[in-house]
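Below, each chain spelled out in residue letters.
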Amino acid sequence: MLLRASGETTGKTFSVKAVTDGSHESGVPHGAALVRLAEATLGDAAAVLGASREEVRKALGPDGLVDAAAVIATFSKMDRIADATGIPLDGPMGLLTQGLREEIGINHFASASNTPESGALARAAARVLGPLAFRVLRRVRAPGRRESP
Amino acid sequence: MTALDYETKQLAYQGAPVVVREDLVEAHRRAWRRIAEPGTWWTGEQRVAIAAETRNALSCSLCRERKQALSPNAVEGEHQSLGGLPAPVVDVIHRVRTDPGRLSKRWFEQIRAAGVGDAEYVETISVVVTLTSIDFFCRAIGTAAHPLPAPVAGEPARHRPQGARPEGAWVPMIAHANATGPEADLYGVHRYPNVGRALSLVPDEVRGLVDLMTAQYMPVHQVARASDDPGRAIDRAQMELIAGRVSALNECFY
């Protein structure tokens, strides 16, 4: 959701499929290197991690590596909090991201059962309002927002 | 590794292959200190034991077998534990560290039936994820994990917030409207998403979560505002791509 919203606020379209398929091109600058770093950090292969770390350091500098590592650290934490406490998706977020979740294929995750299914009327409304929400984001694009090259 | 004693030494990144910005180092120091100090339901000694058991989970053969199985329930056995913590608490630590995407409400209810209080459970989760988060940071930048802190003596506060109520998650949480009295500062003026309120049965753990998140990612109030730039060396889209990929690898629906 936030990746797509981030694209909307900068007038770009990023492919959210890269989230569930690491080999998919996201369109995010240096996205492939960042995805490889995330995968290697969570994986077991030390040699792969060393190479992906170096790739990010060369592409985005040492500060970029630190901030990428900090995001990996954050979500290693937040994901576990969400899954261990059984929280549902926040009401409007659940509805607005309905199409997105189908698109990237995460509805089969075990933790999906923590979010009750929406009724037919709510699902129909979400089909209309979901894309509209992203269009609104495009309109409120922040002027002068910094982007990586 | 020897324990870090906060009277004489502090967590540091001097040997790291990259310079870590100072606000992040300070946030990690505060997180390490929180692990060492008495919490709301666990003593400092118990909290450090939870942190040690979190690392130990990575070498547990039961966890490894369960991770490979189609269902974690298909593999019976005992965790390889360091000892000192009740078996159900060890199960919580190992499962949350090694296989968080397949936790279930049924499993949680079994843990509760085995005698783990809901607030003790929340505090355990918080220590596990704090340790896990900083360990992953060290791994990603290519430096050794920090020695665990030496426990600080003292008694837990044993404060159960009156505003915590069931609202659909496995554990009670404090709604914004119920954050009053000692919890009046908990969310400030901002709307916290469910994940920001998930640990609110132990309010100090929310305060710790926010402190760490602000330095590692961004302040809570900026998260839902996709146009906000938290001023990192990578842009917002790069941050969200990493976040999404990590969450998918963890099989986290939220």
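Residues numbered from 1 in each chain as written. Chains lettered and ligands numbered in written order. Predicted model: local features only at pLDDT ≥ 70, side-chain atom pairs only at ≥ 80, totals over all residues. Heavy atoms only, no water.

Draft legend 1. Geometry of the overall build of chain B. Across its full length, chain B carries 10 helices and two strands. Starting at the N terminus, the α and β elements of chain B follow one another as α-α-α-α-α-α-β-β-α-α-α-α. Relative to the 2.2 N^0.38 estimate, which gives 18 Å for 254 residues, the radius of gyration of chain B is 18 Å and therefore close to what a compact globule would have. Sorting the 254 residues of chain B into buried and exposed places 58% on the buried side. Residue pairs in contact within chain B that sit at least 24 positions apart in sequence constitute 61% of those at least 6 positions apart. (Helix = DSSP H or I, 4+ residues; strand = E, 2+ residues; numbered from the N terminus. Rg over C-alpha atoms; globule rule 2.2 N^0.38 Å. Buried < 20%, exposed > 50% of the residue type's maximum accessible area, 1.4 Å probe, protein only. Contact = heavy atoms within 4.5 Å.)

Draft legend 2. Quick peek at the pattern of salt bridges. Evaluation of the coordinates by the stated rule reveals 23 salt bridges over all chains. Between Arg-66 of chain B and Asp-91 of chain B there is a salt bridge whose closest N-O contact spans 3.6 Å. Placement of the pair is Arg-66 of chain B in helix α3 (residues 61-68) and Asp-91 of chain B in helix α4 (residues 87-98), with a sequence separation of 25 residues. For the pair shown, Arg-66 of chain B and Asp-91 of chain B are each scored as buried. Salt bridges sharing common partners tie together Asp-67 of chain A together with Arg-21 and Asp-23 of chain B. (Salt bridge = Lys/Arg side-chain N within 4 Å of Asp/Glu carboxyl O.)

Draft legend 3. Molecular detail of the packing of aromatic side chains. Throughout the structure, instances matching the rule amount to six aromatic pairs over all chains. Geometrically, the ring pair formed by Phe-75 of chain A and Tyr-217 of chain B is edge-to-face, given 5.0 Å between the ring centres and 85° between the ring planes. Taken as a pair, Phe-75 of chain A in helix α3 (residues 46-85) and Tyr-217 of chain B in the loop between α8 (203-216) and α9 (220-223) lie in two separate chains rather than in one. Take Phe-75 of chain A and Tyr-217 of chain B: they sit in the same class, and that class is buried. Relative to Trp-170 of chain B, the ring of Phe-108 of chain B has its centre 5.6 Å away and its plane inclined at 25°; by these criteria the two rings are stacked. Separated by 62 residues along the polypeptide, Phe-108 of chain B in helix α5 (residues 105-113) and Trp-170 of chain B in the loop between β1 (164-165) and β2 (173-174) bring together distant segments of the chain. (Phe/Tyr/Trp six-rings, centres within 6.5 Å; stacked < 30°, edge-to-face > 60°.)

Draft legend 4. Representation of the packing of α3 of chain B against α4 of chain B within the structure. Residue and element names in this part refer to chain B. Remark: α3 packs on α4, axes separated minimally by 11 Å, with the N-to-C direction vectors making an angle of 45°. Considering the angle they form, α3 stands oblique to α4. Here the hand of the crossing between α3 and α4 comes out right-handed. Contacts from Cys-63, Arg-66 and Lys-67 in α3 reach Asp-91, His-94, Arg-95 and Thr-98 in α4. For the contact of α3 with α4, the class distribution of residues is one nonpolar, two polar and four charged. (Axes fitted to C-alpha atoms, helices over the stretch in contact; angles between N-to-C directions. Parallel < 35°, antiparallel > 145°, perpendicular 65-115°, else oblique. Left-handed = near helix turned anticlockwise from the far one by under 90°. Nonpolar A, V, L, I, M, F, W, Y, C, P; charged D, E, K, R; others polar.)

Draft legend 5. Quick peek at the confidence of the model for chain A. Put simply, chain A has an average pLDDT of 82, and 79% of its residues get 70 or more. Every residue in residues 140-144 of chain A scores below 50 in pLDDT, and together they form seven contacts with partners more than four places removed in sequence or on other chains. (pLDDT = per-residue confidence, 0-100.)

Draft legend 6. Structural view of the interface of chain A and chain B. Taken residue by residue, the interface counts 74 residues in chain A and 68 residues in chain B. Summed over both partners, the interface of chain A with chain B comes to about 6,500 Å²; 68% of that surface belongs to carbon and sulfur atoms. Where chain A touches chain B, the interface holds two salt bridges. The salt bridge partner of Asp-67 of chain A is Arg-21 of chain B, with a shortest N-O separation of 2.8 Å. Joining chain A to chain B, the criterion identifies 25 residue pairs in polar contact (both at pLDDT 80 or more). Sorting the residues of the side of chain A that touches chain B by element identifies α1 (2-10), α2 (31-42) and α3 of chain A as the ones contributing at least two each. Of the residues forming the side of chain A that touches chain B, the biggest block, 28 residues, is contributed by α3 of chain A. The class makeup of the residues in the side of chain A that touches chain B is 39 nonpolar, 19 polar and 16 charged. (Buried area = accessible area lost by both parts, 1.4 Å probe. Polar contact = N/O pair within 3.5 Å; in protein donor to acceptor, adjacent residues only side chain to side chain.)

Draft legend 7. Seen up close, the nonpolar core. With 93 residues, the main nonpolar core has Tyr-13, Tyr-121, Phe-137 and Ile-242 of chain B as its most contacted residues. In terms of residue count, the dominant contributor to this core is α3 of chain A (16 residues). Look past the residues within four positions of Phe-137 of chain B in its chain and what remains in contact with it is Val-66, Ala-69, Ala-70 and Ala-73 of chain A together with Tyr-13, Val-20, Leu-24 and His-28 of chain B. Counting residues in hydrophobic clusters, the runner-up holds 17 residues, among them Phe-14 and Val-28 of chain A together with Leu-241 and Ala-248 of chain B. (Core = buried A, V, L, I, M, F, W, Y, C linked by side-chain atoms within 4.5 Å.)

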